[in-house]
Amino acid sequence: NEALKEIEKGRDLYQALVEEYPAIPTYRRELGLIQNNLGVLQIDQELFEKALEYFELGRAQRQKLVDRYPDRPSYRNDLAVSYNNIAIALEGLT
């Protein structure tokens, strides 16, 4: 799947940026977004277990941002989206 390959390239670039510059929250936020988008691609293909893995990875990135910057509502919003998407993937597994 060409779309999956392209988004994985972006994920890998952001992962490297997060590792190299952990104090820059934008890179972590974008990594969380890409993980979420990878999960959405899997949901579209009804690959719920794989989607769940991606959503949980995205949630972990977003949780780190909320923990570090609790005063930023946009990070809490992103985290809420992750929980919602995890629920959708879990529903698909049942």
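It should be noted that the structure appears before, not after, this text.
Residues numbered from 1 in each chain as written. Predicted model: local features only at pLDDT ≥ 70, side-chain atom pairs only at ≥ 80, totals over all residues. Heavy atoms only, no water.

(A) Quick look at helix H1 (residues 2–20). In this model, H1 (19 residues) spans 28 Å end to end at C-alpha, consistent with the 27 Å of a helix rising 1.5 Å per residue. When H1 is considered as a whole, its buried residues turn out to be Leu4, Ile7, Gly10, Arg11 and Val18. Each buried residue of H1 lies within a common arc of 125° when the element is viewed along its axis, so the set occupies one face. Summarising the geometry of H1, the exposed residues directed more than 90 degrees from the buried face are Glu2, Leu13, Glu19 and Glu20. (Helix = DSSP H or I, 4+ residues; strand = E, 2+ residues; numbered from the N terminus. Expected span 1.5 Å × (residues − 1). Buried < 20%, exposed > 50% of the residue type's maximum accessible area, 1.4 Å probe, protein only. Arc of directions from axis to C-beta.)

(B) Fine view of unusual backbone geometry. For Glu46, which is not glycine, the phi dihedral falls at a positive 60°. With respect to the helices and strands, Glu46 occurs in the loop between helix H2 (25–44) and helix H3 (48–68).

(C) The arrangement of the packing of aromatic side chains in detail. Taken as a whole and judged by the stated rule, the model has three aromatic pairs. Arranged with centres 6.5 Å apart and planes meeting at 50°, the rings of Tyr14 and Tyr27 form a pair that is tilted. With Tyr14 in helix H1 and Tyr27 in helix H2, this pair connects stretches of sequence that are 13 residues apart. Exposure remark for Tyr14: the relative accessible area of 24% places this residue in the partly exposed category. Plain terms: the ring middles of Tyr69 and Tyr75 are 5.9 Å apart, the flat faces sit at 65° to each other, and that makes the pair edge-to-face. Judged by its relative accessible area of 16%, Tyr69 is buried. Clustering of aromatic rings is evident, with ring pairs tying together Tyr14, Tyr21 and Tyr27. (Phe/Tyr/Trp six-rings, centres within 6.5 Å; stacked < 30°, edge-to-face > 60°.)

Worth remembering: the numbers are spatial, not functional.
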